[in-house]
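An overview of the molecular structure
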Amino acid sequence: QVQLVESGGGLVQPGGSLRLSCAASGSIFSINAMGWYRQAPGKQRELVASITSGFSTNYADSVKGRFTISRDNAKNTVYLQMNSMKPEDTAVYYCNAEAISTVRLTLQDYWGQGTQVTVSS
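This write-up is about the structure you can find in this document. All of these numbers come straight from a predicted model, not from anything done at the bench.

For Ser-84, which is not glycine, the phi torsion reads 50° and is therefore positive. Turning to its location among the elements, Ser-84 is positioned in the loop between strand E8 (77-82) and strand E9 (91-101). Phi angles above zero are rare outside glycine, and Leu-105 is one such case at about 55°. You can see Leu-105 is positioned in the loop between E9 and strand E10 (107-111).

Right, let's get into the state of the cysteines. Tallied over the entire structure, the rule returns one disulfide. Sulfur-sulfur distance for the disulfide between Cys-22 and Cys-95 comes to 2.1 Å. Between Cys-22 and Cys-95 the disulfide shows an S-S torsion of about -80°. By sign, it is left-handed. Separated by 73 residues along the polypeptide, Cys-22 in strand E3 (residues 18-26) and Cys-95 in strand E9 bring together distant segments of the chain. Exposure remark for Cys-22: the relative accessible area of 0% places this residue in the buried category.

Reading guide: rules and limits
- Residues numbered from 1 in each chain as written.
- Predicted model: local features only at pLDDT ≥ 70, side-chain atom pairs only at ≥ 80, totals over all residues.
- Heavy atoms only, no water.
- Helix = DSSP H or I, 4+ residues; strand = E, 2+ residues; numbered from the N terminus.
- Disulfide = S-S within 2.5 Å.
- Buried < 20%, exposed > 50% of the residue type's maximum accessible area, 1.4 Å probe, protein only.

Take a look at the structure:
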């Protein structure tokens, strides 16, 4: 199967920056889109940003101009650079990948375990 491991979460002050990373590993045949979602307490999980294998990007309106998603296809890794952070960015951030494993040979969604991001003074 495919495993996603996130890193880079933590505590940051308002206006500060964090960079999240997510590396995919395992029985990977190919990876299509990759993305970041977040879930704040009491709220539904929402898309933050996504990027296709061809590097087309999509952002939630709330993060446009502040967050940048990128990926390194050679490393099967996706990044989220978060700048000018706000308290409302506080959430658990989850990495997602649409991937085909060599085991099942079907396109599936895979998720990371989540990393906590807290924006507070």
